[in-house]
Amino acid sequence: MEDRVLYFQVESESEGLRLDKWLVQVLQDEEMDISRSQIQEWIKHDCIIETTRKSRVKASDPVETGHIYQIKLPEPEPVELQPDPVSIQIVYEDEHLVVVNKQRGLVVHPAAGHPSGTLVNGLLYLGVRLSALGGTARPGVVHRIDKDTSGLLVLAKSDLAYHKLSLQLQAHSMLRSYAAIAHGVLPHQEGTIDAPIGRDPKQRQRLAVVAGGKPAITHFFVKERFEQYTFLDCRLETGRTHQIRVHMAYIGHPLAGDPLYGPRHTLPIDGQALHAKELGFVHPASGEHMRFESPLPSDMERLLMELRLGLQT
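Residues numbered from 1 in each chain as written. Predicted model: local features only at pLDDT ≥ 70, side-chain atom pairs only at ≥ 80, totals over all residues. Heavy atoms only, no water.

Enquirer: Teacher, can you tell me more about the pairing of strand β8 (residues 190–194) here?
Expert: Residues in a regular strand point their side chains to alternate faces of the sheet. Residues Gly191 and Ile193 line the buried face of β8, whereas the alternating positions Glu190, Thr192 and Asp194 sit on a face that is not buried. As judged from the five bridges shared by β8 and strand β11 (residues 217–225), these two strands associate in the antiparallel manner. Note that in β11 the partner of Ile193 across the bridge is Thr218. (Buried < 20%, exposed > 50% of the residue type's maximum accessible area, 1.4 Å probe, protein only. Helix = DSSP H or I, 4+ residues; strand = E, 2+ residues; numbered from the N terminus. Pairing = 2+ DSSP bridges.)

Enquirer: Just checking my understanding: could you explain the side chain of Asp200 for this structure?
Expert: Topologically, Asp200 is positioned in the loop between β9 (197–199) and β10 (207–209). Looking at Asp200, the relative accessible area reads 10%, which means it is buried.

Enquirer: Honestly, the side chain of Arg245 in this entry has me stumped. Any pointers?
Expert: Considering the arrangement of structural elements, one finds Arg245 in helix α5 (residues 243–250). For Arg245, a relative accessible area of 6% corresponds to the buried category. Arg245 has contacts with Asp146, Leu255, Asp258, Pro259, Leu260, Tyr261, Gln272 and Leu274, leaving out every residue within four places of it along the chain. (Contact = heavy atoms within 4.5 Å.)

Enquirer: For this particular structure, what's the right way to read the pattern of salt bridges?
Expert: Any two side chains of opposite charge can pair, so long as their charged atoms come close to each other. Applying the stated criterion across every chain, the model contains 17 salt bridges. The salt bridge involving Arg245 is made with Asp146; its shortest N-O contact spans 2.9 Å. Of the two residues, Arg245 sits in helix α5 while Asp146 sits in the loop between α3 (119–125) and β6 (150–156), which places them 99 residues apart along the sequence. Taking relative accessible area as the criterion, Asp146 reaches 21% and is therefore assigned partly exposed. Put simply, Asp258 and Arg245 hold a salt bridge, and the shortest N to O gap is 2.8 Å. Here Asp258 is found in the loop between α5 and β13 (274–282), whereas its partner Arg245 is found in helix α5, with 13 residues between them in sequence. Salt bridges sharing common partners tie together Lys223, Asp233, Arg235, Lys277, Glu278, Arg291 and Glu293. (Salt bridge = Lys/Arg side-chain N within 4 Å of Asp/Glu carboxyl O.)

Enquirer: What exactly am I supposed to notice about a nonpolar patch on the surface here?
Expert: Residues Ile90, Tyr125 and Leu126 make up a contiguous nonpolar surface patch of roughly 290 Å² in combined accessible area. Locating Tyr125 in the fold gives a position in helix α3. (Patch = residues over 30% accessible without salt bridge, like charges linked within 9 Å, V, L, I, M, F, W, Y side chains within 5 Å. Areas by Shrake-Rupley, 256 points an atom, 1.4 Å probe, with all protein chains shown as cover.)

Enquirer: Sorry, what's going on with helix α4 (residues 159–170) here?
Expert: The periodicity of an α-helix, 3.6 residues per turn, causes residues three or four places apart in sequence to face the same way. In this model, α4 (12 residues) spans 17 Å end to end at C-alpha, consistent with the 16 Å of a helix rising 1.5 Å per residue. Within the sequence span of α4, burial applies to Ala161, Tyr162, Leu165, Ser166, Leu167, Gln168, Leu169 and Gln170. Residue His172 follows α4 closely and has a positive phi angle near 60°. (Expected span 1.5 Å × (residues − 1).)

Enquirer: Help me out: how do you make sense of the environment of Asp146 in this one?
Expert: For the pair Asp146 and Gln272, spaced 126 residues apart in sequence, the C-alpha separation works out to 9.5 Å. With residues near it in sequence (within four places) discarded, Asp146 still touches Lys102, His242, Arg245 and Gln272. Here the side chain of Asp146 touches Arg245 through a polar contact of 2.9 Å, side chain to side chain. (Polar contact = N/O pair within 3.5 Å; in protein donor to acceptor, adjacent residues only side chain to side chain.)

Enquirer: How do you make sense of the environment of His143 when you look at a structure like this?
Expert: Note on placement: His143 falls in the loop between α3 and β6. For His143, a relative accessible area of 6% translates into the label buried. Measuring from C-alpha to C-alpha, the distance between His143 and Ala156 comes to 10.0 Å, with 13 residues separating the pair along the chain. With near-sequence residues (within four places) excluded, His143 lies in contact with Leu152, Leu153, Val154, Leu169, Met174, Arg176 and Leu279. A polar contact is formed between the side chain of His143 and the backbone nitrogen of Val154, at a distance of 3.1 Å.

Enquirer: Please explain the nonpolar core as it appears in this structure.
Expert: Nonpolar side chains in soluble globular proteins tend to end up buried together. Ranked by internal contacts, the top residues of the largest apolar core, which has 41 residues, are Trp22, Ile39, Trp42, Ile48, Ile71 and Phe281. Counting residues per element, this core draws most heavily on helix α1 (residues 19–28), which supplies six residues. Those residues in contact with Trp42, other than ones at most four positions away along the chain, are Leu27, Ile34, Cys47, Ile48, Ile71 and Leu73. Counting residues in hydrophobic clusters, the runner-up holds 32 residues, among them Val98, Leu106, Ala180 and Leu186. (Core = buried A, V, L, I, M, F, W, Y, C linked by side-chain atoms within 4.5 Å.)

Enquirer: Just checking my understanding: could you explain the packing of aromatic side chains for this structure?
Expert: The way to describe two aromatic rings as a pair is by their centre distance and the angle between their planes. The tally for this structure, following the rule as stated, stands at three aromatic pairs. Taking 5.5 Å as the distance between ring centres and 55° as the angle between the ring planes, the aromatic pair formed by Trp22 and Tyr69 counts as tilted. Here Trp22, found in helix α1, pairs with Tyr69, found in strand β3 (residues 68–74); they are 47 residues apart in sequence, far enough to count as distant. Per residue, the accessibility class of Trp22 equals that of Tyr69, and both read buried. (Phe/Tyr/Trp six-rings, centres within 6.5 Å; stacked < 30°, edge-to-face > 60°.)

Enquirer: Help me understand unusual backbone geometry in this model?
Expert: Glycine aside, a negative phi is what most residues show, and trans is what most peptide bonds show. Although it is not a glycine, Asp46 sits at a positive phi angle of roughly 60°. Note that Asp46 resides in the loop between α2 (36–44) and β2 (48–50). The phi dihedral of His172 falls on the positive side, at around 60°, and the residue is not glycine. Residue position: His172 is located in the loop between α4 and β7 (175–183). Residue classification places His172 among the partly exposed positions, given a relative accessible area of 31%.

Structure below.
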């Protein structure tokens, strides 16, 4: 059975938390519903180490800002990934990583309900070898974007890239900027939404702004205003699941087309009007600052044209 290795760095807001409690929180961001008792079992079997000291840890240890923990755990259900002929636009590729421009409607990696036909399956079909550190079902996957969000993401081909890109993501130093069309007219030219995100207690399939949730910060900048909609740039400071979608709904301006957080009456688009248009990071091997941009997809361009002409209200 193949081991999966994860790395997490302690952020300042988590300083002093018990190790087992902190790990429950960070693993929730990986969509892993792991109990404290399970984490305590992993600790007993030396599956969790603090990478600086490389010594045994205890569940009750208080975590310290900047410390990095490695979790080595077996995959519960090994998956035999099959190459699938999926249409993929590769923007950049070298021996360490690959940057792709994902189309709306494509799932990033196999999961329940999507065993094949994903971005990862398509890359395997093209002969792209991905780092195994992401796990059997999600090799090389450093970060994701939702199925119905389009745009840029980076996947790791080497273990070095997976480790260093993951640390950049956790340190919030990776640039991720999105174009979005939101309901309503935002009155401010720019702003910051600083509101914690966790599971919605009323609808478990949704996330929401909740007390005790994980810290989440989104910066937004108004590009254009229309009669009933606003075109925005959104920049992630943190990267919680569904973060932009949850935050925009929280301030009363859900994204157009969002089937989970938006209203039924919306613009004609298949999924939320959200596009990962800009991606920047430090190359894990060369140290070069890399930056990529992706033009808006045709469906969002069409909506903006119709909004400018007053054809959509």
